[in-house]
Amino acid sequence: MTDTDPQVADDGPVRFMPQLISLDYTVRTNPVAAAFGEALADGRITGHRCPSCSLVFVPPKGFCPICTIETTSADEVVIEDRGMVTAWTVLTPIQYHGQQERKDYALASILLVGADGTVGQQRLIDIPLDEIRPGLMVEAVWAAPEDRVADDRGYGLGTAIDGWKATGEPDAPASEYEGHTL
Amino acid sequence: MAERCAIVGIGQTHHRKVREDVSFAGLLREAGQRALDDAEMTWRDIDAVVIGTAPDSFEGVMMPELYLADALGCAGKPIMRVHTAGSVGGSTAIVASHLIQSGIRKRVLTIAFEKQSEGDTTWGLSGGRSGGVGAGGYFAPHLRAYIARSKAPEYVGWMVAVKDRLNALKNPYAHLKVPDITLEKVRDSPMVWEPVRRLESCPASDGACAMVLTDEAGGDRAPHKPAWVHGTAIRSELGQFPGRDPVNPKGGQDCAADVFAQAGITNPRKDVDVVEMYVPFSWYEPMWLENLGFAEEGGGWKLTEDGVTEIGGDLPVNCSGGVLSSNPIGASGMLRFAEAALQVRGQAGEHQVDGARTGVGHAYGGASQFFAMWVVRDTKP
Amino acid sequence: MRDVAIVSFAQAGSLVDTAESETQMLLPVINAAIEGSGITRADIGFTCSGSADYLAGTPFAFVANLEAVGAWPPISESHVDMDGAWALYEAWVRLQHGDVDVALAFSSGISSRSDLGEVLCLQNDPYYLMPLWADHVSLAALQARALLDQGLATEADLAEVVARSRRNAAANPSAHPDVRAAGDLSVDQLLEAAYTVAPLRAADCPPTTDGAAAVILVAGDRAREVCDNPAWIRGIDHRSEAHYPGLRDLAHAGSARLAAEHAGVADAPIEVAELAATFSHEELLLTEALGLGADTEVNPSGGALASNPMMVSGLIRIGEAFRQINEHGKHRTLGHAASGPCLQQNLVCVLEGDS
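Residues numbered from 1 in each chain as written. Chains lettered and ligands numbered in written order. Predicted model: local features only at pLDDT ≥ 70, side-chain atom pairs only at ≥ 80, totals over all residues. Heavy atoms only, no water.

### With respect to the packing of helix α3 (residues 88–101) of chain B against helix α14 (residues 329–345) of chain B
Residue and element names in this part refer to chain B. Direction vectors running N to C along α3 and α14 enclose 60°, while the axes themselves pass 5 Å from each other. Classified by the angle their axes make, α3 and α14 are oblique. Residues V88, G89, G90, T92, A93 and I94 of α3 form the contact with α14, whose own contacting residues are G330, G333, M334 and F337. Residue composition of the contact of α3 with α14, grouped by class: 5 nonpolar, 5 polar and no charged. (Axes fitted to C-alpha atoms, helices over the stretch in contact; angles between N-to-C directions. Helix = DSSP H or I, 4+ residues; strand = E, 2+ residues; numbered from the N terminus. Parallel < 35°, antiparallel > 145°, perpendicular 65-115°, else oblique. Contact = heavy atoms within 4.5 Å. Nonpolar A, V, L, I, M, F, W, Y, C, P; charged D, E, K, R; others polar.)

Right under this line is the structure:
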């Protein structure tokens, strides 16, 4: 559980003793996230439509946070694997224990056709960083079926989609992406 | 009718990248002792302690109020720990003020802190997984959306950075000091999270802030002029749902409207003398000026451009150097609240705004979804 | 002080290895507390929650829980990284101002995701105690040993507490299913079991439990309008003591005694007390510290030994004390919560009915 690095004390008085603590967590994938993961493995993106306010949430939460009512598989809808970039940033990854990213990369929020909310922190593929813009139409590049693992907590799209590439369609108008900064 | 609440003691640490000279407990005691000295009190005089900090996983100490109880003189006393993400420093001060205003306690010590050097915040933020975007990566798209929406010139972000870094030179406690700061230097600093450049971002700091709050009788007896609480407000909203606007969040608008109504402020731009707002990335200054009602929508950047927010301007913002200069995360919100109180007490030293009588402290957190504010004045409500 | 009453309580008090997220677990509980209160969601003027990031294994875990509240339009809301009993305390403080009449307090915790014996080590002083990896059961055993060594209790006394707790749990649908399934065990049977950490046996320790709970607080006459038999908070206080076990007299729960004094426990007899005694010996310590006599019924729900969702257990004790008044017609009851190693922090809440 504890790993103390002996090399740190080599030069001069001890200032810090790094003590890496590891704690193990077993996160059981909740039933809604599990069903979402199974659909992803099949190459389908699903969401839940709130029976009260009709908003479609992707990934599904199992409830509508606005109406505070539960949603079930009966409320499931299939979403297209195509949509528009609504917001993005280019990151210079900060190095920390466990970080595997080394180079600058772009992450975008994407509003999928058929969904009311965006999916966040999505990779863009083969799109020069200076050509990313809101309204850019993109489509999913799916991972190989055996590599499609859903996030255990039900966040995002897990490893099912490697990233998103431009479709070449005309950009969506501002009226369609404004209001979807998140 | 609620009891009046006075701020009779204020203390903070020297904020640094690494405070290797003190433990967690030592860091809190340094701020706490300064606040007690200011109030001419001892640890024994305190009825209750309220502490606040960001997620425990940033530092590896779970429920730190347990370990800190000894150092904070809490054997036999009540101690609570508040956690409301980045707004926590502000919310913690508000919980402490509620203990006074409710008449339950007479003398409350409140301390907020972060010792980033003894943990790894980016690791903590990522939940220990690869690919964590950090706070900057998360907020960057919101800043770009503001720039696009308001058509603000790019140099406004640089101007905020230069102003706050110049202000920090007047604050002996500030962490990051860049004496030769210029617009060009900000412009030429590396891009970290497009559109945020290195010098437009906050540092990672070790630091703490403390305040002693009392009831009206305590305020009347205070050895140094107290500040008086005229209003407090908190708001929370869902972090993500279709149509949510993180650029001008409703929670921030509602929080400001509530606290201004309590303090009888009808025209914030005119009625407020000094503002300490939570600006971890430079563009948040114009964004929050609009969100809190100091400027009309799309007009915040013009206040910055016109120098209104400088010390000596009409509406000085972050005279202390703000979060851009010192960011002990859990304490950053309380520093805003405390600096606003220092100003109306006339104790801000070199960064004092002449004749400041009404001050506003502001903090935000989460996905721009938690808000805490207070209004303080040099006179009783 | 302004009169404030609990008018509604709901719990999912004994989930086992739940697969649900904390938010999914909370949503029906909060909805049930609101539906049971006779007020509408829009009437709630202040909300406060309790939870622990380290149990969830995710920083800012409480942020997602906001989705179970319905925080749109924005609400006035706060959070403590403490048991929900402290969230209830903060809500009670807020209601004293007079401008808000209704508050919601709730909490949640999933203990089964991690090994509490590891995770709770991080509660200890990070420099001197934490590197020892002294787990909470071992520290509790030190305290139990202090009681035995000072002649204040015997191992049979501990077994008596366990036996009664299990008998009571049998009638409580919210108690942990494993505890209920185990059925009645005599003191002799309990004493035959091997030690887990001497002098504590497995039955002296709580079951790993996941859960959530919520209460609605209403101030003044409005409480009587919405609730036939509200439970008025007559006194509430919380105290800490020194963190270092070596600085304390472990054979006495000093901060629990202080909290009881400030909450006015001794002002009149307590009919029922629900104590967050997570280990059997803690009930004996607390009964003494709170000054409870032989005529006080302790933990009719089975207490924390029968169900111990961390971060929720204290709030459930107060909720059960409320039920004793609201459903069972008792007049004066007590709910207790604790936090930290060896009962370091204690909260005492005295409730009274109108009858």
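### Concerning the packing of aromatic side chains
As enumerated under the stated definition, the model contains 19 aromatic pairs over all chains in all. Between Y146 of chain B and W283 of chain B, the aromatic rings sit 6.2 Å apart at their centres with planes inclined by 55°, giving tilted as the arrangement. Note that Y146 of chain B is positioned in helix α5 (residues 134–150) and W283 of chain B in the loop between β9 (274–276) and α11 (284–291), a separation of 137 residues in sequence. Exposure class is identical for Y146 of chain B and W283 of chain B. Each is buried. Between F370 of chain B and F62 of chain C, the ring centres sit 5.7 Å apart and the planes meet at 40°, which makes this aromatic pair tilted. (Phe/Tyr/Trp six-rings, centres within 6.5 Å; stacked < 30°, edge-to-face > 60°. Buried < 20%, exposed > 50% of the residue type's maximum accessible area, 1.4 Å probe, protein only.)

### Some remarks on the pattern of salt bridges
Pairing between side chains of opposite charge can happen when their charged atoms approach one another. Residues and elements named next belong to chain B. Here the structure, examined in full by the defined rule, presents 50 salt bridges over all chains. Taking the shortest distance from any N to any O, the salt bridge between R235 and D258 comes out at 2.9 Å. Linking R235 in strand β8 (residues 227–236) with D258 in helix α9 (residues 250–262), this pair joins segments that are 23 residues apart in sequence. For R235, a relative accessible area of 15% gives the class buried. Close ionic contact of D271 with K270 constitutes a salt bridge, the shortest N to O distance being 3.8 Å. For D271, a relative accessible area of 22% gives the class partly exposed. Among the charged side chains, a salt-bridge network with shared partners connects R4, E216, D220 and K380. (Salt bridge = Lys/Arg side-chain N within 4 Å of Asp/Glu carboxyl O.)

### Quick look at the interface of chain A and chain B
In this complex, chain A contributes 32 residues to the contact, which on the side of chain B involves 34 residues. Regarding the contact of chain A and chain B, the summed buried area is about 2700 Å², with carbon and sulfur atoms giving 57% of it. Counting the surface chain A buries against chain B, the share from its top three residues, Y96, T181 and L182 of chain A, is 26%. At the junction of chain A with chain B, the criterion picks out 4 residue pairs in polar contact (both at pLDDT 80 or more). Here the side of chain A that touches chain B gets 5 residues from one element, more than from any other, and that element is strand β8 (residues 82–91) of chain A. Taken together, the residues of the side of chain A that touches chain B break down into 14 nonpolar, 12 polar and 6 charged. (Buried area = accessible area lost by both parts, 1.4 Å probe. Polar contact = N/O pair within 3.5 Å; in protein donor to acceptor, adjacent residues only side chain to side chain.)

### A word on helix α4 (residues 84–95) of chain C
All names here are of chain C. If you check α4, its first and last C-alpha atoms are 16 Å apart, about what 12 residues at 1.5 Å a residue would give, namely 16 Å. By the burial criterion, the buried members of α4 are G84, A85, W86, A87, L88, Y89, E90, A91, W92, V93, R94 and L95. Sitting at the amino-terminal end of α4 is D83, which places a side-chain oxygen 2.8 Å from the backbone nitrogen of A85. (Expected span 1.5 Å × (residues − 1).)

### Quick look at the environment of R82 of chain A
Residue and element names in this part refer to chain A. Counting through the fold element by element, R82 comes out in strand β8. Taking relative accessible area as the criterion, R82 reaches 24% and is therefore assigned partly exposed. Distance from R82 to I66, taken between C-alpha atoms, is 26 Å for residues 16 residues apart in sequence. If near-sequence neighbours (up to four positions away) are discounted, R82 is found in contact with L112, V113, M137, V138, E139, W164, T167 and E169.

### Some thoughts on the interface of chain C and chain B
Listed per partner, the contact involves 54 residues of chain C and 52 residues of chain B. Viewed at the interface, chain B and chain C are joined by 2 salt bridges. Put simply, D237 of chain C and R105 of chain B hold a salt bridge, and the shortest N to O gap is 3.0 Å. Run the count over chain C and chain B and you get 19 residue pairs in polar contact (both at pLDDT 80 or more). It is α4 of chain C that contributes the most residues to the side of chain C that touches chain B, 6 residues altogether. Here the side of chain C that touches chain B is built from residues that sort into 31 nonpolar, 13 polar and 10 charged.

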